[in-house]
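Topology and contacts: notes
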Amino acid sequence: MHDPAITQLSLIRQLKFCAGHRLYRHESKCAFFHGHNYRVDIEVVAAGGGVEVDSVGRIVDFSLIKQRMLSWLDANWDHAFLIFEEDANALAAIRMVEPTKYFVMPSNPTAENMARYLLEVVAPGVLGDLGVVARKVAVWETDESCAVATLTGDAGGLGLAVASAVLIDDRYDR
Ligand SMILES: [Zn+2]
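None of the values given here were measured: they were computed from a predicted structure. (Residues numbered from 1 in each chain as written. Predicted model: local features only at pLDDT ≥ 70, side-chain atom pairs only at ≥ 80, totals over all residues. Heavy atoms only, no water.)

Turning our attention to the packing of helix α1 (residues 62-76) against helix α3 (residues 111-127). Viewed as axis vectors pointing N to C, α1 and α3 meet at an angle of 120 degrees, and their least axial separation amounts to 10 Å. Between α1 and α3, the angle is such that the two are oblique. Where α1 crosses over α3, the handedness of that crossing is right-handed. Contacts between α1 and α3 involve I65, R68, M69, W72 and L73 on the former and, on the latter, Y117, L118, V122, A123, V126 and L127. Looking at side-chain class alone, the contact of α1 with α3 contains ten nonpolar, no polar and one charged residues. (Axes fitted to C-alpha atoms, helices over the stretch in contact; angles between N-to-C directions. Helix = DSSP H or I, 4+ residues; strand = E, 2+ residues; numbered from the N terminus. Parallel < 35°, antiparallel > 145°, perpendicular 65-115°, else oblique. Left-handed = near helix turned anticlockwise from the far one by under 90°. Contact = heavy atoms within 4.5 Å. Nonpolar A, V, L, I, M, F, W, Y, C, P; charged D, E, K, R; others polar.)

What follows covers the pattern of salt bridges. Opposite charge on two side chains permits them to pair, given that their charged atoms come into close proximity. One pass over the structure, following the stated rule, counts seven salt bridges. When the shortest N-O distance is used, the salt bridge between D54 and R58 registers 3.0 Å. Note that R171 and D169 form a salt bridge whose closest N and O atoms lie 2.8 Å from each other. Each of the salt bridges in this network shares a partner with another, and the network as a whole consists of D54, R58 and D61. (Salt bridge = Lys/Arg side-chain N within 4 Å of Asp/Glu carboxyl O.)

Below, the discussion takes up helix α2 (residues 88-96). Of the positions making up α2, those classed as buried are A90, L91 and I94. In an axial view of α2, the angular spread of the buried residues amounts to 100 degrees, which keeps them on one side of the axis. Set apart from the buried face of α2 by more than 90 degrees, the exposed residues are A88, N89 and M96. Against β3 (80-84) and β4 (100-105) lie the buried residues of α2. (Buried < 20%, exposed > 50% of the residue type's maximum accessible area, 1.4 Å probe, protein only. Arc of directions from axis to C-beta.)

Okay, the sheet that holds β3 next. Overall, mixed pairing links the seven strands, which are arranged β6-β5-β2-β1-β3-β4-β7 in an open sheet. Edge positions in the sheet fall to β6 (146-150) and β7 (166-168), since each has one partner strand and no second. When strand polarity is set aside, the average angle formed by the axes of neighbouring strands in this sheet is 35 degrees. As paired elements, strand β5 (residues 132-140) and β6 share five bridges and run antiparallel to each other. Bridging from a neighbouring strand, A138 pairs with V148 of β6. Strand contacts of α3: β1 (11-21), β2 (34-46), β3, β4, β5 and β6, with the helix running at about 150 degrees to β5, the strand carrying the most contacts. (Pairing = 2+ DSSP bridges.)

Looking now at the nonpolar core. In terms of nonpolar packing, the biggest core is built from 38 residues, with I42, I65, W77, L118 and L127 touching the most fellow members. At the level of elements, β1, β2, α1, β4, α3, β5 and β6 are the ones that each hand at least two residues to this core. Examining the composition of this core, we find that eleven residues originate from one element, α3, more than from any other. Once residues within four sequence positions are removed from consideration, W77 is found in contact with F17, C18, A19, W72, L82, F103, M105, M114, Y117 and L118. Counting five residues, the second largest nonpolar core, distinct from the first, contains I83, A90, I94 and Y102. (Core = buried A, V, L, I, M, F, W, Y, C linked by side-chain atoms within 4.5 Å.)

Each protein donor to the zinc ion is listed here as H21 (NE2), H34 (NE2) and H36 (NE2); together their distances run 2.0 to 2.1 Å. Each donor residue of the zinc ion lies on the same chain, and together they follow the pattern H-x12-H-x1-H. A residue pair is termed long-range when its members are at least 10 positions apart, and H21 in strand β1 and H36 in strand β2 qualify at 15 residues. For H36, a relative accessible area of 15% corresponds to the buried category. (Donors = N, O, S within 2.8 Å, 3.2 Å for Na, K, Ca; no water.)

As structure tokens, this is what we get:
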């Protein structure tokens, strides 16, 4: 039997998407509409503990993390604008554009809040049935800067309601 006091196992998958945002009440240029090529590093551990692997020797197959997380990111954040629900001015502006895709955030869309949202809300919802828990999510806004959200409590209380993107685009059948 492997000793969890000596070795714990986790895996990290990298994911990429593009999105626009602005930081509500930011005192400088981040208050303007702009975008980033975001990179997300998500670290997962086995729900049962840090030494569990399947008969092949995996915590979970990397491709499943990619599939689940990327399909959520593609549907909700990729090529969308992330807007704080209290930012009525930005919401009014984005609703005037057609076609449009935006995602209403419960907090200002900083890298910190995006990392926390992915860790606390999205990951439990899309990874739960794989028998893994996301322990850490890093959101890279540039090559130099990232924010990290780390699970410090019990993951059992998470898995809150997941919002979804508003997509208004009459060019295609929805
Ligand atoms: Zn920004």
